[in-house]
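Examining the three-dimensional arrangement
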Amino acid sequence: MNKFSMVLAATSTLLAANSYAADTVSTLDAVKERGYVNCVIGNSFPGFYSLNKAGEWQGMDIDICRGVASAVFGDASKVKFLPVQWAQSFTSIKSGKGDILSKGMTWTLSRDAAQGLDFLDTYFYDGQGFMVRKDLGVKSVKELKGATVCVLTGTSSELNIADYSRAHNLDIKTVVFDDSSVRNTAFFNKNCDALTNDKSGLAAQRSAAPNPDDYMVLPETISKEALSFAVKQNDSEWANVVKWTFAAMVAAEEFGVNSKNVEKMRAETQSPVVRRLLGTEGDLHTGLGLPQDWAYQVIKNVGNYGEIYERNVGPNSVLGIDREGTLNALWKDGGMMYAKSFR
């Protein structure tokens, strides 16, 4: 090997080492040094992420990110929300611009295995449906033969509708959009016969319609949509912080701990599992690199899973989605919400 080749090889090795070091920097350390969490969301999905009249972000996805900020900093306000178009969702996390992707994203094999993400938990179980104008006279998806359907490009909804149309010989014509607000406007302006989305999304879009009673969601659910949050692949330290923050919310509901009684429970409970959860005994926090009272801060500042559900998407919210008897109920009530053991 000549001198030039040796220098070139050494330079390549150094660049590779620097690149590896950059890629392996702990997100948790970066977040702590920065002083806030970067949370990637979408532009507007009422019940999950949307701006209120005061210009503040609210919704289930927002609360998950505020919970993580509470776990790390003891302060739910230590989070910056980054609304991006659907096409930028994955690159925002892979590039390191965002720390958490929390925007009503369905957990699929291709996204998990090929997009540089690690999906961690499902916070809302949903399914894809269709909304139509009542005056269309349609009562079933199978009556949409040859219809035009508005859909967001690059989503699981686009793929699901293609599969469903093919399987049932419906010859559905999709009209695709990059922006959900443009898609919704097109539907309400009668540029499509139907709008397809997760049913929670359809409830949100119907609630924002000029005349909500003019529209109906058809009865069929054509897919399983596990809405989940994700982080950059192969960063287990940060992944542990995010997934156990959510687990703390679910566990708190299981054990009857909420934002209103958490102070009393922390001071008086004799339950070993609740004491471990709230940080009054044990050392579970050390493995996470968080303060001892991290879960207490999450529940105090944001609430348990039930509180988050009720205020954002529950029967008394703008979406009015009942939880009882659904997969979003706690496991002990027949649902799928299940926190792993705090021990």
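Thresholds, definitions, all that
- Residues numbered from 1 in each chain as written.
- Predicted model: local features only at pLDDT ≥ 70, side-chain atom pairs only at ≥ 80, totals over all residues.
- Heavy atoms only, no water.
- Helix = DSSP H or I, 4+ residues; strand = E, 2+ residues; numbered from the N terminus.
- Buried < 20%, exposed > 50% of the residue type's maximum accessible area, 1.4 Å probe, protein only.
- Disulfide = S-S within 2.5 Å.
- Contact = heavy atoms within 4.5 Å.
- Polar contact = N/O pair within 3.5 Å; in protein donor to acceptor, adjacent residues only side chain to side chain.

Glycine aside, residues mostly have negative phi angles, and peptide bonds mostly take the trans form. One non-glycine residue, Lys190, lies in the positive phi region at around 65 degrees. Note that Lys190 resides in the loop between α7 (180-188) and β10 (194-198). Note on Lys190: relative accessible area 54%, which makes it exposed. At Asn234, a residue that is not glycine, the phi angle is positive and equals roughly 65 degrees. Note on placement: Asn234 falls in the loop between β12 (225-232) and α9 (236-254). When its relative accessible area of 71% is taken as the criterion, Asn234 is described as exposed.

What follows is about the state of the cysteines. In the structure shown here, the tally under the stated rule is 2 disulfides. Covalently, Cys39 is tied to Cys65 through a disulfide, its sulfur atoms 1.9 Å apart. The chirality of the disulfide connecting Cys39 with Cys65 is right-handed, given an S-S dihedral of about 55 degrees. A residue pair is termed long-range when its members are at least 10 positions apart, and Cys39 in strand β1 (residues 37-41) and Cys65 in helix α3 (residues 60-73) qualify at 26 residues.

What follows concerns the environment of Thr106. In this structure, Thr106 sits in strand β5 (residues 100-106). Remark: the alpha-carbon pair of Thr106 and Val262, spanning 156 residues in sequence, is separated by 32 Å. When neighbours within four sequence positions are excluded, Thr106 is seen to be in contact with Arg111, Phe119, Ser156, Asp198, Lys224, Glu225, Ala226 and Leu227. A distance of 2.6 Å separates a polar atom in the side chain of Thr106 from a polar atom in the side chain of Glu225.

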